[in-house]
Amino acid sequence: MIIESFSKTIIKSKILDTYVAAVFFAIIIFFVLNSGHFSPFEMISWIMIVTIAFKGISNLMLSMVISLVSLDNTEDKIEFDKSASKLETLVNDLAIQEATVQSSKNKK
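Predicted, not measured: the structure shown is a model, and the values here were computed from it.

Draft legend 1. Broad picture of the overall build of the chain. What the chain contains, in helices and strands, is four helices and zero strands. Going from the N terminus to the C terminus, the chain shows its helices and strands as α-α-α-α. A compact globule built from 108 residues should have a C-alpha radius of gyration of about 13 Å, whereas the chain, at 29 Å, is more than 25% larger. Judged by the C-alpha coordinates and their principal axes, the chain covers about 100 × 25 × 15 Å. Put simply, 73% of the contacts in the chain that link residues at least 6 apart link residues at least 24 apart. A total accessible area of about 8800 Å² is found for the chain, and carbon and sulfur atoms account for 69% of it.

Have a look at this one:
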């Protein structure tokens, strides 16, 4: 659950897509500057191969980030928040009970 939300946040940030796009445009610039040395077929094929390879590398980077991030503190924080909300509800219930007792004493 926590890992899913973390990975969705990483994917929604579009940082990996930006990485792949930067590599794509860098390789296009490389081939434009060196267009005298390569045929158009070589350029297109290498652009596709390099883009696919760097997309795979970005997916590996995402999996490494997910596997290397320690989520122990997050689980403790979530458990603490749950306990705090339960205690807060109990205190609110106690305050309501005291208010009803006080109002019943005032009516007598």
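The rest of the description comes next.
Draft legend 2. The arrangement of the packing of aromatic side chains in detail. Applying the stated criterion across every chain, the model contains five aromatic pairs. Taken together, a centroid distance of 5.3 Å and an interplanar angle of 70° make the contact between F24 and F25 edge-to-face. Accessibility expressed as a relative area gives 28% for F24, which makes it partly exposed. Members of the aromatic cluster, connected to one another through ring pairs, are F30, F31 and F38.

Draft legend 3. Here's a closer look at the nonpolar core. Core analysis: the largest hydrophobic core is formed by six residues, namely V23, I27, F31, M43, I47 and V50. For this core, the secondary-structure elements that each account for two or more residues are α2 (15-33) and α3 (40-68). What V50 contacts, discounting residues up to four positions off in sequence, is V23 and I27.

Draft legend 4. Highlighting the pattern of salt bridges. All chains considered together, the criterion is met by two salt bridges. Taking the shortest distance from any N to any O, the salt bridge between K14 and D17 comes out at 3.9 Å. Look at K14 and you get partly exposed, because its relative accessible area is 48%. Ionic pairing is found between K55 and D17, a salt bridge with its closest N-O pair at 3.5 Å. With K55 in helix α3 and D17 in helix α2, this residue pair connects regions lying 38 residues apart in the sequence. Looking at D17, the relative accessible area reads 37%, which means it is partly exposed. Through salt bridges with shared partners, a single network forms among K14, D17 and K55.

Draft legend 5. Expanded view of a nonpolar patch on the surface. Where nonpolar side chains cluster on the molecular surface, the patch consists of I44, M48 and I52 and spans about 340 Å² of accessible area. Looking at the secondary structure, you find I44 in helix α3. Residue I44 is classed as exposed on the basis of its relative accessible area, which comes to 53%.

Cut-offs applied
Residues numbered from 1 in each chain as written. Predicted model: local features only at pLDDT ≥ 70, side-chain atom pairs only at ≥ 80, totals over all residues. Heavy atoms only, no water. Helix = DSSP H or I, 4+ residues; strand = E, 2+ residues; numbered from the N terminus. Rg over C-alpha atoms; globule rule 2.2 N^0.38 Å. Contact = heavy atoms within 4.5 Å. Areas by Shrake-Rupley, 256 points an atom, 1.4 Å probe, with all protein chains shown as cover. Phe/Tyr/Trp six-rings, centres within 6.5 Å; stacked < 30°, edge-to-face > 60°. Buried < 20%, exposed > 50% of the residue type's maximum accessible area, 1.4 Å probe, protein only. Core = buried A, V, L, I, M, F, W, Y, C linked by side-chain atoms within 4.5 Å. Salt bridge = Lys/Arg side-chain N within 4 Å of Asp/Glu carboxyl O. Patch = residues over 30% accessible without salt bridge, like charges linked within 9 Å, V, L, I, M, F, W, Y side chains within 5 Å.

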